[in-house]
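Residue-level structural notes
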Amino acid sequence: MSRIVEGQTPVSAPVQAAYSYCEAVTGQQARNFAYGIRLLPAEKRQAMSALYAFSRRVDDIGDGTLEAGAKQSRLEDTRALLGRIRSGRVEEDDTDPVAVALTDAASRFALPLGGLDELIDGVLMDVKGETYETWDDLKIYCRCVAGAIGRLSLGVFGTDPAAPGAERASEYADTLGLALQLTNILRDVREDADNARTYLPADDLVKFGCSEGFHSATPPAGSDFAGLIHFEVRRARALFAEGYRLLPMLDRRSGACVAAMAGIYRRLLDRIERDPEAVLRGRVSLPGREKAYVAVRGLSGLDARNISRQSVRRRS
């Protein structure tokens, strides 16, 4: 397995406190994500929490109430902080626990921190109110805000260089990020509309008569809203199928983490597919017992084994 120096250097008290802060942020703000990373060993779980806490800061700026110009200034300040983290210029006694934790994580794992620059670029697209004419346009945004996080996560997980197709691991991580983000877009379609944001491609909205948007608990008059949702669900499922090819390239616990997080979102897709208008009435979620089942399934390696068998059939 390819690894950096995880676990070899003791964590000092200030760094441990910084990681604890990041884990608290993750547990409070990202329950699905926190549920998945609890399956990781401590050093990987801490690194993932540091990545999440930094990413959350970027997202919160974009989603906040500041004027657009102030948001852009804050995002560029955050980019400058990322530059300090990248060059290791954040001391352990720095007053920013997220910066302290991420600096330490970057010293232990091969994190492609440029992915966080891409995240900032994606949130700037939100701040500028960009919309997307086609799926190819939306993919650029999704790769910034989610595909990049998939590639960063892969830096924590590591891969088995002997695994068939391991040279494409980063590509699969990126694709899995796209699948998760498209699921998020479907789940949050009403919330985004209330915030004057539209992510689904304009040509898809036209095709299904949904160009008026989603501002109530009922679909636009005369639209084929269910057809639109089913179309996008099929697209997300194809992305999951491709991204899941990453699983056999990961160690057991990293694979379980990815399978758990992706499995939760795939089950959200199932719920959305069964009742498309549910996304107009509120946020679709899974009960804790169903998340637990998904985690057990991931730990069992069932998803990874299924993907391995499918890959073998495709090559034969």
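Not measured: the values here are computed from a predicted model.

Calculation rules
Throughout this document, residue positions are counted from 1 along each chain, in the order its sequence is written. The predicted origin of the model limits local features to residues at a pLDDT of at least 70 and limits the giving and counting of side-chain atom pairs to 80 or more, whereas totals for whole chains, interfaces and linings rest on all residues. Hydrogens are left out, water is left out, and the side-chain values use all remaining heavy atoms of the structure. For helices the rule is a DSSP run of H or I covering at least 4 residues; for strands it is a run of E covering at least 2, with both sets numbered from the N terminus onward. Only C-alpha atoms enter the radius of gyration, while the globule expectation follows 2.2 Å times N to the 0.38, with N the number of residues. For the area figures, the Shrake-Rupley method with a 1.4 Å probe applies, and any residue is considered shielded solely by the protein chains shown. By the counting scheme adopted, Arg and Lys are positive, Glu and Asp are negative, and His together with the chain ends is not counted. Charged groups are reduced to one reference atom each: NZ for lysine, CZ for arginine, CG for aspartic acid, CD for glutamic acid. For helices, the fitted axis covers only the stretch in contact; all axes are lines through C-alpha atoms, and the angles between them, taken along N-to-C directions, range from 0 to 180 degrees. For this classification, under 35 degrees means roughly parallel, over 145 means roughly antiparallel, 65 to 115 means roughly perpendicular, and everything else is oblique. When the near helix sits turned anticlockwise from the far one by under a right angle, the crossing is termed left-handed; a clockwise turn instead gives a right-handed crossing. What makes two residues a contact is simply this: any of their non-hydrogen atoms within 4.5 Å. Three residue categories are used. Nonpolar comprises Ala, Val, Leu, Ile, Met, Phe, Trp, Tyr, Cys and Pro, charged comprises Asp, Glu, Lys and Arg, and polar comprises the others, including Gly. Within this document, salt bridges are pairs made up of a side-chain nitrogen of Lys or Arg and a carboxyl oxygen of Asp or Glu, the two lying within 4 Å of each other. Only protein chains enter the calculation, and the probe is 1.4 Å; a residue is then buried if its accessible area is under 20% of its type maximum, exposed if over 50%, and partly exposed in between. Note on ring pairs: Phe, Tyr and Trp rings are taken, using the six-membered ring of Trp, and paired if centres are within 6.5 Å. Classes follow the plane angle, with under 30 degrees stacked, over 60 edge-to-face and the rest tilted. Put simply, a charge is over a ring when the Lys NZ or the Arg CZ is close to the ring centre, within 6 Å, and near the line of the ring normal, within 35 degrees. By convention a nonpolar core is built from buried Ala, Val, Leu, Ile, Met, Phe, Trp, Tyr and Cys residues, the set being connected through side-chain atoms within 4.5 Å. Polar contacts here mean pairs of N or O atoms no more than 3.5 Å apart (in protein, one a potential hydrogen donor and the other a potential acceptor; neighbouring residues in sequence count only if both atoms are side-chain atoms). A residue's pLDDT is simply how confident the predictor is in it, with values from 0 to 100.

**Description of the overall build of the protein chain**
Counting its regular elements, the protein chain contains 15 helices and zero strands. Against the 2.2 N^0.38 benchmark of 20 Å for 316 residues, the protein chain shows a C-alpha radius of gyration of 20 Å, consistent with a compact globule. Projecting the C-alpha coordinates of the protein chain onto the three principal axes gives extents of approximately 60 × 55 × 35 Å. Carbon and sulfur atoms form 50% of the exposed surface of the protein chain, whose accessible area is close to 14,200 Å². Counting 43 positive and 44 negative side-chain charges, the protein chain places the averaged centre of each group 8 Å from the other.

**Section: the packing of helix H3 (residues 42–63) against helix H7 (residues 135–157)**
The geometry of H3 relative to H7 is characterised by a closest axis approach of 9 Å and an angle of 160 degrees between their N-to-C directions. The angle between the axes of H3 and H7 places the two elements in the roughly antiparallel class. Classified by chirality, the crossing of H7 by H3 is right-handed. Facing H3, whose interface residues are Lys 44, Ala 47, Met 48, Leu 51 and Ser 55, H7 presents Ile 149, Leu 152, Ser 153, Val 156 and Phe 157. The class makeup of the residues in the contact of H3 with H7 is seven nonpolar, two polar and one charged.

**Here's the deal with the pattern of salt bridges**
Pairing between side chains of opposite charge can happen when the charged atoms of each approach one another. This structure, assessed with the given rule, holds 29 salt bridges. The shortest N-O distance in the salt bridge between Lys 44 and Asp 251 comes to 3.0 Å. Here Asp 251 lies in the loop between helix H11 (225–243) and helix H12 (252–274) and Lys 44 lies in helix H3, a separation of 207 residues in the sequence. Across the pair, exposure class does not vary: Lys 44 and Asp 251 are buried alike. Of the charged contacts in the structure, one is a salt bridge between Arg 57 and Asp 96, with a shortest N-O distance of 2.7 Å. Of this pair, Arg 57 sits in helix H3 while Asp 96 sits in the loop between helix H4 (68–86) and helix H5 (97–108), and the two are 39 residues apart along the sequence. For Arg 57, a relative accessible area of 26% gives the class partly exposed.

**Overview of the packing of aromatic side chains**
Given two aromatic rings, their pairing is described by the distance between the two centres and the angle made by the two planes. In this structure the tally under the stated criterion is six aromatic pairs. Ring centres 6.4 Å apart and planes at 85 degrees place the aromatic pair Phe 240 and Tyr 244 in the edge-to-face group. The class of Phe 240 is buried, set by a relative accessible area of 2%. Connected via pairs of aromatic rings, a cluster forms that spans Tyr 132, Tyr 141 and Tyr 199. The ring of Tyr 244 is capped by Arg 266, whose NZ or CZ atom sits 4.8 Å from the centre of that ring.

**Let's talk about the nonpolar core**
Grouped together as the largest cluster of nonpolar side chains are 99 residues, with contacts concentrated most on Phe 54, Leu 102, Leu 111, Leu 116 and Phe 214. Broken down by element, the residue count for this core peaks at 11 residues, all from H7. Among all residues touching Leu 111, those that are not within four sequence positions of it are Leu 51, Leu 102, Ala 105, Ala 106, Leu 152, Gly 155 and Val 156.

**Notes on unusual backbone geometry**
Here Ala 196, not a glycine, exhibits a phi torsion of approximately 60 degrees, which is positive. One can find Ala 196 in the loop between helix H9 (189–194) and helix H10 (202–207).

**Things to note about the side chain of Thr 103**
Structurally, Thr 103 can be placed in helix H5. Accessibility expressed as a relative area gives 12% for Thr 103, which makes it buried. Side-chain polar atoms of Thr 103 contact the backbone oxygen of Ala 99, separated by 2.7 Å. Not counting chain neighbours up to four residues away, the residues in contact with Thr 103 comprise Ile 85, Gly 88 and Val 90.

**Let's talk about the confidence of the model for the protein chain**
Predicted coordinates in areas of low pLDDT are best not read in detail. Across the protein chain, the average pLDDT comes to 89, with 91% of residues at or above 70. The low-confidence segment residues 1–7 (pLDDT under 50) makes 22 contacts with residues lying over four places distant or belonging to another chain.

**Remarks on the environment of Trp 135**
Among the secondary structure elements, Trp 135 is positioned in helix H7. The buried category is assigned to Trp 135, whose relative accessible area is 14%. When the C-alpha atoms of Trp 135 and Gln 29 are compared, they prove to be 29 Å apart, with 106 residues separating the residues in sequence. Here Trp 135 is in contact with Leu 178, Leu 182, Pro 201, Arg 235 and Leu 239, once residues within four sequence places are set aside.

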